[in-house]
Amino acid sequence: MNWDDTTDETAPERLVGSVADREDQAVEAALRPKDLDEFIGQEKVREQLDLVLRAARARGATADHVLLSGAPGLGKTTLSMIIAAEMGAPIRITSGPAIQHAGDLAAILSSLQEGEVFFLDEIHRMSRPAEEMLYMAMEDFRVDVIVGKGPGATAIPLELPPFTLVGATTRAGLLPPPLRDRFGFTAHMEFYEPAELERVIHRSAHLLDVEIDGAGAAEIAGRSRGTPRIANRLLRRVRDYAQVKADGLITRDIAAAALKVYEVDARGLDRLDRGVLEALLKLFGGGPVGLSTLAVAVGEERETVEEVAEPFLVREGLLARTPRGRVATPAAWAHLGLTPPRSAATGNGQQDLFGT
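Residues numbered from 1 in each chain as written. Predicted model: local features only at pLDDT ≥ 70, side-chain atom pairs only at ≥ 80, totals over all residues. Heavy atoms only, no water.

Enquirer: What is the right way to read the overall build of the protein from this model?
Expert: Each helix and strand in the protein was counted, giving 15 helices and 9 strands. The 356 residues of the protein split such that 47% are buried. Sequence-distant contacts in the protein: of pairs separated by 6 or more residues, those separated by 24 or more amount to 70%. Approximately 17,000 Å² of the protein is accessible, and the part contributed by carbon and sulfur atoms is 51%. (Helix = DSSP H or I, 4+ residues; strand = E, 2+ residues; numbered from the N terminus. Buried < 20%, exposed > 50% of the residue type's maximum accessible area, 1.4 Å probe, protein only. Contact = heavy atoms within 4.5 Å. Areas by Shrake-Rupley, 256 points an atom, 1.4 Å probe, with all protein chains shown as cover.)

Quick look at the structure:
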């Protein structure tokens, strides 16, 4: 229910991936909540944002610019649409990579209506000239359009109607301080607790006309990596299994059997995640091992292991990044049902002075 539209054509297709594919986007459009009361999770962000929007409406003014940061699939695009709905304003949506030149941004800004919400996804990937133009637009509601080239070039000031910029980023650290400072409200989206994901799943199941009991929702929620987008994707796959293999009702056993078919284990790890852990444990005794070596052992590109598999494994406490390489934690050995060697059990990943 709470997701983002971030897409990446180079991202591998994974059932537990947080990047939205075309099917996700089509389903999410129908499942998105329409207002803050309907939005599940992110309690602090909702409360703070509600105050910002209520105050703006009471003043009859445009809402402050809003920056939303967090992992893909947590609700940044959904919140931007809710902001527009709460303010009774239209919304314009684009992304940082789509704005390659300052002229691209000027064309969009000059066509905005008064009070309109301008949602800029992956704002950290915008080009530097466009970024510098955005500074003035956010602060003074004005842009300077350069006409001509060389010594004869002239800057023509263009006044803009007041608007609300909602920027979304998965990497807030890449935003330059001058840009961050121009946002009146900044919020960080946290991963969801299993109980919150159960509420997401029950609501989505109702909208999709899917029968599911509490235990079935809990089983799916526990494998969803704290991300609503993944929870809804797993729900759709379990629904397919229940319709074909059972009577359509999703129970805990049905959900577990379905996700076993799709190779998503009880902790939310898929084939790639387990492959990385198995190589690290079985081939390298738990590490430390270099990233490139680990990638070769798994048969994947270095970037795939580092950017696709590792973040969740580190967040789950199954893998650690150290200056000497990747090291498995005791939780990784326990999850795969393996017994760590004595060196791994000591936590230093190496033998002592006498080789014991």
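Enquirer: Before we go on, may I ask you to explain the packing of helix H7 (residues 194-207) against helix H8 (residues 214-221) in this structure?
Expert: Here H7 crosses H8 at 120°, and the two axes come no closer than 8 Å. The angle between H7 and H8 falls in the class oblique. The interaxial crossing formed by H7 with H8 has right-handed handedness. Taken together, the residues of H8 that come into contact with H7 (itself represented by Pro194, Leu197, Glu198, Ile201 and His202) are Gly214, Ala217, Ala218, Ile220 and Ala221. Partitioned by chemical class, the residues of the contact of H7 with H8 number 7 nonpolar, 2 polar and 1 charged. (Axes fitted to C-alpha atoms, helices over the stretch in contact; angles between N-to-C directions. Parallel < 35°, antiparallel > 145°, perpendicular 65-115°, else oblique. Left-handed = near helix turned anticlockwise from the far one by under 90°. Nonpolar A, V, L, I, M, F, W, Y, C, P; charged D, E, K, R; others polar.)

Enquirer: For this particular structure, what's the right way to read helix H10 (residues 252-261)?
Expert: Since there are 3.6 residues in each turn of an α-helix, residues three or four apart along the chain are aligned in direction. Within H10 the residues assigned to the buried category are Ile254, Ala255, Ala258 and Leu259. Along the axis of H10, the buried residues cluster in a sector spanning 120°; they form a single face. Turned more than 90 degrees away from the buried face of H10 sit Asp253 and Lys260, all of them exposed. Backbone geometry just after H10 places Glu263 at a positive phi near 65°. (Arc of directions from axis to C-beta.)

Enquirer: Honestly, a nonpolar patch on the surface in this entry has me stumped. Any pointers?
Expert: A surface patch of nonpolar side chains, about 200 Å² in accessible area, is lined by Val145, Ile156 and Leu158. Tracing the backbone shows Leu158 in strand S5 (residues 154-159). Residue classification places Leu158 among the partly exposed residues on the basis of a relative accessible area of 31%. (Patch = residues over 30% accessible without salt bridge, like charges linked within 9 Å, V, L, I, M, F, W, Y side chains within 5 Å. Salt bridge = Lys/Arg side-chain N within 4 Å of Asp/Glu carboxyl O.)

Enquirer: What's the story with the packing of helix H4 (residues 102-110) against helix H5 (residues 128-140) in this structure? I'm lost.
Expert: Relative orientation and spacing of two packed helices are given, respectively, by the angle between their axes and the distance between those axes. Here H4 crosses H5 at 35°, and the two axes come no closer than 8 Å. Touching Ala102, Leu105, Ala106 and Leu109 of H4 are Pro129, Ala130, Met133, Leu134 and Ala137, all from H5. Of the residues that constitute the contact of H4 with H5, the class distribution is 9 nonpolar, no polar and no charged.

Enquirer: I keep staring at the pairing of strand S2 (residues 91-95) and nothing clicks. Help me out?
Expert: Within a regular strand, side chains alternate between the sheet's two faces. Pairing between S2 and strand S3 (residues 117-121): 5 bridges, direction parallel. For Thr94, the partnering residue across the bridge sits in S3 and is Leu120. Tracing the backbone out of S2, into H4 and back to the parallel element S3 gives a crossover that is right-handed. (Pairing = 2+ DSSP bridges. Right-handed = clockwise from strand over helix to strand, strands pointing away.)

Enquirer: So what exactly am I meant to see when it comes to the nonpolar core here?
Expert: Most often, soluble globular proteins have nonpolar side chains that are buried together. Core analysis: the biggest nonpolar cluster contains 46 residues, and Leu49, Leu79, Ile201, Ile212, Ile220, Leu235 and Ile250 have the highest contact counts within it. In terms of residues, this core owes the most to one element, helix H9 (residues 228-245), which gives 7 residues. Discounting residues that sit within four places of it in the chain, Leu235 has contacts with Ile201, Ser204, Ala205, Leu208, Val210, Ile212, Ile220 and Ile250. Among the nonpolar cores identified, the runner-up in size contains 24 residues, and Ile99, Leu112, Leu120 and Leu160 belong to it. (Core = buried A, V, L, I, M, F, W, Y, C linked by side-chain atoms within 4.5 Å.)

Enquirer: Can you help me understand helix H13 (residues 302-315) in this one?
Expert: The terminal C-alpha atoms of H13 lie 19 Å apart, and with 14 residues this matches the ideal 20 Å at 1.5 Å per residue to within 8%. Every buried residue of H13 is listed here: Thr304, Val305, Ala309, Glu310, Phe312 and Leu313. Here the buried face of H13 lies against helix H11 (271-283), helix H12 (291-298), strand S8 (319-322) and strand S9 (325-328). Positive phi appears at Gly317, one or two residues downstream of H13, with a value of about 75°. (Expected span 1.5 Å × (residues − 1).)

Enquirer: Looking at this structure, how should I read the environment of His101?
Expert: Among the secondary structure elements, His101 is positioned in the loop between S2 and H4. Distance from His101 to Ala130, taken between C-alpha atoms, is 5.8 Å for residues 29 residues apart in sequence. Every residue in contact with His101, bar those within four places of it in the chain, is listed here: Ser127 and Ala130.

Enquirer: Is there a simple way to think about the environment of Gly290 in this case?
Expert: Following the sequence through the fold, Gly290 ends up in the loop between H11 and H12. For the pair formed by Gly290 and Thr322, sequence separation is 32 residues and the distance between their alpha carbons is 9.6 Å.

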